[in-house]
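Understanding the architecture of this molecule
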Amino acid sequence: MMLGLFVLLLWTGSVTCDTVEVEPIECVRRYYLRSAEDEKAIAAGMAFLETQRARLPETLADAYQAALTILKARYAFWPQTKMRYLREGLPVLDSLVAAHPEHMEIRCLRLLSIYYLPFFLGRKEMAREDMRRLTEQLLAGEASLPDTYRRMMVEFLLANAPLDQVERMRLQRLYRELRRSEARLP
């Protein structure tokens, strides 16, 4: 999975979250991304989120808590437990996207949370809408996303979104620009 590769690249060699150089929201993002590959990171991320909640934007704290809860479903064995985690987290993300439709980071969290769900949960059209909105915002240069998410989402959209030829070419160009700008970082 592409997200898994990106997570490993992001996490390897990164500054740990117990240093003052890292903003609390960046630590929450790291825990979330790491949770896609490491179940233990969910509990660590939830604990960090709770201790730092006062220092975080409320909408993002709620969104990441919901997204981490949804990730618990990935690792749960019993179908009832998986559904309980989904029922707990998905409505929170849905209401946050409804209340903040232009907040691309929350939309990214929802998209990553619902894209791989089974068809019978009825989330495919919502995932397509999230992909459409993210594509529009990224191509317009209006997607206020952290740099790590910007590249990850362009990769995700190129691999999964139903893009027309022009959108695909423009996203590929954006991806090359993002890669070049990363190469220039110290």
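Residues numbered from 1 in each chain as written. Predicted model: local features only at pLDDT ≥ 70, side-chain atom pairs only at ≥ 80, totals over all residues. Heavy atoms only, no water.

Points about helix 2 (residues 24-35)
For the record, the criterion: Elements are defined by DSSP. Helices are runs of H or I of four residues or more, strands are runs of E of two residues or more, and each kind is numbered from the N terminus. To estimate how far a helix should extend, the number of its residues minus one is multiplied by 1.5 Å. Any residue under 20% of the maximum accessible area for its type is buried, any over 50% is exposed, and the rest in between are partly exposed; the area is computed with a 1.4 Å probe on protein chains only.
Under the 1.5 Å per step criterion, the end-to-end length of helix 2 is 16 Å for 12 residues, consistent within 8% with the ideal 16 Å. Here helix 2 lies mainly inside the structure; 11 of its 12 residues are buried. Those residues of helix 2 lying buried are Pro24, Ile25, Glu26, Cys27, Val28, Arg29, Arg30, Tyr31, Tyr32, Leu33 and Ser35.

Re the packing of helix 2 against helix 3 (residues 40-52)
This is how the line gets drawn: Axis lines are fitted to C-alpha atoms, over the contacting stretch for helices. Their N-to-C directions set the angle, which ranges from 0 to 180 degrees. Should an angle lie under 35 degrees it is considered roughly parallel, over 145 roughly antiparallel, and from 65 to 115 roughly perpendicular; all remaining angles are considered oblique. We call a crossing left-handed when the near helix sits turned anticlockwise from the far one by less than a right angle, and right-handed when that turn is clockwise. Note on contacts: a residue pair is in contact if any heavy atoms of the two residues lie within 4.5 Å.
Two numbers describe how helix 2 lies on helix 3: the axes approach to 8 Å, and their chain directions differ by 160°. Compared by their axis directions, helix 2 and helix 3 come out roughly antiparallel. Viewed along their axes, helix 2 and helix 3 form a crossing whose handedness is left-handed. Between helix 2 and helix 3, the residues in contact are Pro24, Cys27, Val28, Tyr31, Arg34 and Ser35 and Ala41, Ile42, Ala44, Gly45, Phe48, Leu49 and Gln52, respectively.

What to know about the layout of surface pockets
Inclusion rule: We place a 1 Å grid over just the protein atoms. Points where a 1.4 Å probe fits but has no way out form a cavity, open points with protein on both sides within 12 Å along at least 5 of 7 lines form a pocket, and any residue with an atom within 4 Å of a point lines it. Grid points are joined across faces, edges and corners, and a volume is the space filled by probe spheres set on the points.
Of the pockets and cavities examined, the largest pocket occupies roughly 460 Å³. Looking at the lining of the largest pocket, the elements with two or more residues in it are helix 4 (58-75), helix 5 (79-99) and helix 6 (104-114). A total of five residues in the lining of the largest pocket trace back to one element, the largest contributor, which is helix 4.

A look at the side chain of Arg123
By the element assignment, Arg123 lies in the loop between helix 6 and helix 7 (124-140). When its relative accessible area of 12% is taken as the criterion, Arg123 is described as buried. When residues no more than four places from it in sequence are discounted, the contact partners of Arg123 are Leu90, Asp94, Ile114 and Leu117.

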